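# Structural overview for review
As a plain string of letters, each chain reads:
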Amino acid sequence: MNVRVRFAPSPTGSLHIGGVRTALFNWLLAKHYNGEFILRIEDTDELRSTEESTGSIFEGLKWLGIDWDEGPGIGGGFGPYTQMERLHIYREYAEKLLRKKVVYPCYCTEEELTERREKALKERIPPGYDGRCSHLSESEKRKFENEGRKSVLRFRVPQDGVTRFSDIVRGDVEFKNSSLHDFVILKSSYVPTFNFANVIDDHLMEITHVIRGDEHLSNTPRQILLYQTLGFEMPEFAHLPMILGSDGAKLSKRHGAISVQWFKKEGFLPGALLNYLALLGWGTTDSQQIFNSKEEMIEKFSLDRVGKNPAVFDMKKLEWMDGYYIRKLSIDELFELVIPYLRESNLIEGRNSREREFAKKVISLEQERLKKLSEITEFTDFFFTEDVKYDSKAVDEILRKGSVPELLESFSGKLTKVEPFDIPTVEKAAKEFINEKNLKGKDLMQPVRVAITGKKATPGLFEVMVLLGKEKVLRRINKALEMLRR
RNA sequence: GUCCCCAUCGACUAGUGGUUAGGUCAUCACUCUUUCAAGGUGAUAGCGGGGGUUCGAGUCCCCCUGGGGACACCA
């Protein structure tokens, strides 16, 4: 099957997680059929489009490994791939439509339009354009022009009949034309609107499948009308179910975590994010959760297994999945990923090899506890600094209890004599101590843990102690004791 | 308000007329254990409601309800 698909974001903000899912499904389909995945920037919103957003889209996609076969920075036989560089093309088609009289100039100003719209909304009647400029006489047009009014071009929607299409995800869908209203195809600035530019470009770029978010479903009949009057061959449509926040509403800024940059900063792995997103709206017959590689995802992907119902984004599940991906990393890989976080919080420079080796040992102890990379600093700070932060709850609950200080003091004495200071020997000493004092394991271990790490939860204590070394362990126990005496 | 779409555990989903309704996350036990995590074992939990069709309905049809989306010179 010949497949040419595109991801066509508008650069009006950073790359959104819903956009990523759309890009991913397009990309998966292209790769599955060995087709082309095209990136097209739809920057026709003159007010809100920014260079910065464009940059963040590129950056986000690259980070995720969603590469494009044609598009900005790469080129291709159907460029340019940025709509503002294609204005002459749209104008040409707009003129063609004007000559055919299927579009007409509308002289209503934006202010008038919004006013009418708001009034309609308030009166609970459908707010569409009322068609008042659709049959202006030449003299009326001239009059408006003499008043200095600018015009837009509106498409004349037939008011009878229905427009239907078959959507790969939705099945047969139909809209009554009477519910559509005449829509703008060319703004007064001669810049096309989404519905128009999108259709022209998809046709010219020979797109075979239009895969996009469900919010575009109701735009589809308008575009189909355009395809028909332009005489363009229609692509296949596939409208993806939306991604919702936990409150059931469309995922938006208000839900916080929505830009790819945020996920990157939090330390989610791109592979895990992609894996999770793939499962939002798509699944295999056996409900497979983890894909071993992108290749596996590509191989198994199919549009007809995309579901129709909207999916709620579940951060907990993403975190579980990310933890799973982190556990599969080698220590060297994890080290490279985590070092920026440690540097940023001034815990480690990571330049010399002794420091690096130490950090790797620390990381290997923490690997299975991480759900995302950014957690590394809060989990490991005590390894890298002598300025141990004591969790006040831990101190109250564990250190400030009856005979704990005496216990620590006495254990500290025992540790002094432990030689060599390695895991088996330290462990043996601790066990002996526990037996001598007739204690339970945790009666000793928890106080020691809090004393030397400041935390209630850490990796195995013997590993931690040995990695820190005898000197630091003894010093920290002493420090803790001093703190308790105060 | 009008149009359109959607409906299986709390969440993501499998299921295409006959299943003890399966899996994963989360939750809760138990287990391992020096804590947390990971691992192992198990549990709780679901077909929104009402009518049909059928020998038989989560699966097909209709209605209701609920949720969502669209209705811009934004995409």
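Scroll up a little and you will see the structure.
Description of the structure in this document.

## Here's the deal with the sheet that holds strand E7 (residues 183-186)
- Read from one edge to the other, the open sheet built from three strands follows the order E3-E4-E7, with strand pairing classed as antiparallel. Edge positions in the sheet fall to strand E3 (103-106) and E7, since each has one partner strand and no second. Sheet twist, expressed as the mean angle between neighbouring strand axes with direction ignored, is 45 degrees.
- With three bridges connecting them, strand E4 (residues 152-155) and E7 associate as antiparallel partners. Looking at E7, one finds that Leu 153 is bridged to Leu 186.
- Its contacts with the sheet place helix H3 (residues 87-99) against E3, E4 and E7, and it is angled at close to 100 degrees to E3.

## Things to note about the protein's contact with RNA strand B
- The immediate surroundings of RNA strand B are formed by 68 residues, with Arg 117, Arg 170, Glu 368, Arg 369 and Arg 449 found nearest.
- Each atom of RNA strand B within 4 Å of the protein was assigned to sugar, phosphate or base; sugar and phosphate come to 71%.
- In the model, a base nitrogen of RNA strand B is placed 3.3 Å from a nitrogen or oxygen of the Gln 289 side chain.
- A distance of 2.4 Å separates a base oxygen of RNA strand B from a polar side-chain atom of Arg 369.
- Counting only elements with at least two residues in the surface near RNA strand B, the list comes to helix H4 (110-122), E4, strand E6 (171-176), strand E11 (311-312), helix H11 (315-327), helix H18 (441-453) and helix H19 (461-468).
- Considering only residue class, the surface near RNA strand B consists of 23 nonpolar, 21 polar and 24 charged.

## Side note on helix H14 (residues 376-384)
- A large share of H14 lies buried, amounting to seven of its nine residues.
- Of the residues making up H14, those classed as buried are Ile 376, Phe 379, Thr 380, Asp 381, Phe 382, Phe 383 and Phe 384.

## What to know about the side chain of Asn 177
- Here Asn 177 is to be found in the loop between E6 and E7.
- Polar side-chain contacts of Asn 177 include one of 2.9 Å to the backbone oxygen of Asp 160.
- In this structure, Asn 177 is in contact with Val 157, Pro 158, Gln 159, Asp 160, Gly 161, Val 162, Thr 163 and Leu 225, ignoring residues within four places of it in sequence.

## Here's the deal with H4
- Across its 13 residues, H4 extends 18 Å between first and last C-alpha, which sits within 8% of the 18 Å expected from 1.5 Å per residue.
- Arg 124 occupies a position one or two residues after H4 and carries a positive phi of about 55 degrees.

## What to know about the packing of aromatic side chains
- This structure, assessed with the given rule, holds 21 aromatic pairs.
- In textbook terms, an aromatic cluster arises when at least three aromatic residues are bridged by ring pairs, as seen for Tyr 93, Phe 165, Phe 175, Tyr 227, Phe 232 and Phe 237.
- Looking at Arg 369, its charged tip hangs above the ring of Phe 379, at a distance of 4.7 Å from the centre.

## Comments concerning the pairing of E6
- Examined bridge by bridge, strand E5 (residues 162-167) and E6 share six bridges and lie antiparallel to one another. Following the sheet pairing, Ser 166 is matched in E6 by Asp 172.
- Taking the residues between adjacent antiparallel strands as the criterion, E5 and E6 are bridged by three residues.

## Let's talk about the pattern of salt bridges
- All told, the structure shown has 38 salt bridges when counted by the stated rule.
- Between Asp 332 and Lys 360 there is a salt bridge, with its nearest N and O atoms 2.8 Å apart. Linking Asp 332 in helix H12 (residues 331-344) with Lys 360 in helix H13 (residues 353-366), this pair joins segments that are 28 residues apart in sequence.
- Residue classification places Lys 360 among the buried positions, given a relative accessible area of 18%.

## Brief notes about the side chain of Thr 193
- Its place among the elements puts Thr 193 in the loop between E7 and helix H6 (194-204).
- The exposure class of Thr 193 is buried, given its relative accessible area of 15%.
- A polar contact is formed between the side chain of Thr 193 and the backbone oxygen of Val 184, at a distance of 2.8 Å.

## A word on the nonpolar core
- Counting 110 residues, the largest nonpolar core has Leu 415 and Met 465 as its most contacted members.
- Aside from chain neighbours lying at most four places away, what touches Met 465 is Phe 411, Leu 415, Phe 421, Val 426, Val 448, Ile 452 and Val 473.
- Residues Tyr 90, Phe 165, Ile 207 and Leu 226 belong to the second largest nonpolar core, which totals 36 residues.

## Re unusual backbone geometry
- Here Gly 79 and Pro 80 are connected by a cis peptide whose omega angle stands at -5 degrees.
- Inspection of the secondary structure puts Pro 80 in the loop between helix H2 (51-64) and H3.
- In this model, Glu 419 is joined to Pro 420 through a cis peptide bond whose omega is -5 degrees.
- When you line up the elements, Pro 420 lands in the loop between helix H16 (404-416) and helix H17 (423-436).
- One non-glycine residue, His 181, adopts positive backbone phi at about 65 degrees.
- As for its placement among the helices and strands, His 181 is situated in the loop between E6 and E7.
- Overall, His 181 belongs to the partly exposed group, its relative accessible area being 24%.
- Look at Asn 346: it is not a glycine, yet its phi comes out positive at around 60 degrees.
- One can find Asn 346 in the loop between H12 and H13.

What counts, and at which threshold
Residues numbered from 1 in each chain as written. Chains lettered and ligands numbered in written order. Predicted model: local features only at pLDDT ≥ 70, side-chain atom pairs only at ≥ 80, totals over all residues. Heavy atoms only, no water. Pairing = 2+ DSSP bridges. Helix = DSSP H or I, 4+ residues; strand = E, 2+ residues; numbered from the N terminus. Axes fitted to C-alpha atoms, helices over the stretch in contact; angles between N-to-C directions. Contact = heavy atoms within 4.5 Å. Near = heavy atom within 4 Å. Polar contact = N/O pair within 3.5 Å; in protein donor to acceptor, adjacent residues only side chain to side chain. Nonpolar A, V, L, I, M, F, W, Y, C, P; charged D, E, K, R; others polar. Buried < 20%, exposed > 50% of the residue type's maximum accessible area, 1.4 Å probe, protein only. Expected span 1.5 Å × (residues − 1). Phe/Tyr/Trp six-rings, centres within 6.5 Å; stacked < 30°, edge-to-face > 60°. Lys NZ or Arg CZ within 6 Å of the ring centre and 35° of its normal. Salt bridge = Lys/Arg side-chain N within 4 Å of Asp/Glu carboxyl O. Core = buried A, V, L, I, M, F, W, Y, C linked by side-chain atoms within 4.5 Å.

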